[in-house]
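As a plain string of letters, each chain reads:
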Amino acid sequence: MFTEIIQKISLYAIPFIILVIPAYGFVRKVKVYESFTDGAKDGFNTAVRIIPFLVAMLVAIGVFRASGAMDIVTNALSPITNLINMPAEVLPLAIMRPLSGGGAQGVMSELVTNHGADSIIGRTASIMQGSTETTFYVLAVYFGAVSIKKTRHALPAGLIADFVGIITAVLVANLMFR
Amino acid sequence: MINYVWFGLIAIGVIVGALTGNIEAVTDAAISNARTGVDLSLGLIGTMALWLGIMKIAEDSGLIKSLAKALRFIMVPLFPDVPADHPAMGAMIMNMSANMLGLGNAATPLGLKAMTELQKLNPNKDTATNAMATFLAINTSSVTLIPASVIAIRVAANSANATEIIGPTIVATLASTIAAIIAVKLLQRLPMFQIKPESVVEVTSDQASLNE
């Protein structure tokens, strides 16, 4: 039942949004075509802007993996990740996620490319990537912009949220896809 | 921090590769993964353009402004120190809406606007307010409904069903956001996170000396 509802939401979410938002705009007499293309023209720049981050992280992770170092680390930590049925390969993503958005995207892309998007590793990584944020980056950028130096409880609260998000991603992935 | 992580991966990789005799594989991985990075990025262009286009329609049609009004009942309890019709509220909702649609690059400018507005309400300009910490915690817990870039990467990796992760992602994002709100509201009560503004200390010591 749970799985069925979630699958229905997955199936209808995007068609719903790409119908409802332009329909609303049309009714409100927005020039929907021109608005869309105006917004869409930033798509190229956004995608191109992440190239350096992806290349940097993919190369570093590729080197780390190919050398056999990743196997050493994941083997060492497998007793911990096995406890919650977390694929050991996903662990580097969980560690990278709060540190660097581009980095995490690199790790996630790498996992999806090498293990397959539809493997349990690919699915867990996708859910993890989608449900957590780059806490350190957001904190640095947002507080930096208004010169806040004493961040108080913002960082611990953000990290607690990341931790819960990562654990939940593993649990939900196991529940639905294993 | 990311500098240590990145250099650590490369340094350990090259050294371990040399020791284990995998040094050729290290070379191959470096070169082929650099290429994969570009391929993946270029594969994102279409999906990014789609969502940025949809988002622009939502903005131009006033949908985002209506959303701000509709969500007032959630925003006021979350940010009790911010007046209900303060510009910070609208900016925060627009930022969260952009996050929900997975539009990180649209979300950041709106988030910075929200922080600027929240800073206007801040009596201690170098110290985060409770509202700022709450906004940041919700923001970093990522309230995502459509993880567009994740879906794009899955499409680029030939997933048979790239969008199947939307439902599970909503569940995980809800859990982390609820955790963020609970954590931020509990932590703000701890003595170690109390605001100790110098100005207040000075005033009380002045009064103390006057009383003497």
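Here is what the cut-offs are and how they apply
Residues numbered from 1 in each chain as written. Chains lettered and ligands numbered in written order. Predicted model: local features only at pLDDT ≥ 70, side-chain atom pairs only at ≥ 80, totals over all residues. Heavy atoms only, no water. Contact = heavy atoms within 4.5 Å. Buried area = accessible area lost by both parts, 1.4 Å probe. Salt bridge = Lys/Arg side-chain N within 4 Å of Asp/Glu carboxyl O. UniProt positions renumbered as here; feature names shortened; annotations may be inferred. Helix = DSSP H or I, 4+ residues; strand = E, 2+ residues; numbered from the N terminus. Core = buried A, V, L, I, M, F, W, Y, C linked by side-chain atoms within 4.5 Å. Buried < 20%, exposed > 50% of the residue type's maximum accessible area, 1.4 Å probe, protein only. Domains from an automatic or database assignment.

1. Structural notes on the interface of chain A and chain B
- Taken together, the contact between chain A and chain B spans 92 residues of the former and 104 residues of the latter.
- When chain A packs against chain B, the two sides together hide about 7,900 Å² of surface, and 76% of this comes from carbon and sulfur.
- Counting the surface chain A buries against chain B, the share from its top three residues, A:Y142, A:R152 and A:H153, is 10%.
- Linking chain A with chain B are four salt bridges, by the criterion used here.

2. Focus on the UniProt feature "transmembrane region" (unreviewed entry) in chain A
- Residues annotated by UniProt as "transmembrane region" (unreviewed entry) correspond here to residues 9–27, 47–64 and 157–177 of chain A.
- Between the end C-alpha atoms of residues 157–177 of chain A there is a gap of 30 Å, over a span that is 100% helix and 0% strand.

3. Brief notes about the nonpolar core
- Grouped together as the largest cluster of nonpolar side chains are 60 residues, with contacts concentrated most on A:M86, A:L93, A:M128 and B:I146.
- Two domains each put at least three residues into this core: domain 1 (1–45) and domain 2 (62–196) of chain B.
- Once residues within four sequence positions are removed from consideration, A:L93 is found in contact with A:A104, A:V107, A:M108, A:L111, A:A125, A:M128 and A:Q129.
- A:V146, B:A91, B:A114 and B:A183 belong to the second largest nonpolar core, which has 37 residues in total.

4. Section: the environment of A:A117
- Summarising the element assignment, A:A117 is placed in the loop between helix 7 (101–115) and helix 8 (120–131).
- Since its relative accessible area comes to 2%, A:A117 is described here as buried.
- Note: C-alpha distance between A:A117 and A:A140 (23 residues apart in sequence) is 32 Å.
- Those residues in contact with A:A117 that lie beyond four places of it in its chain are A:V112, A:G122, A:R123, B:R154, B:A157 and B:S159.

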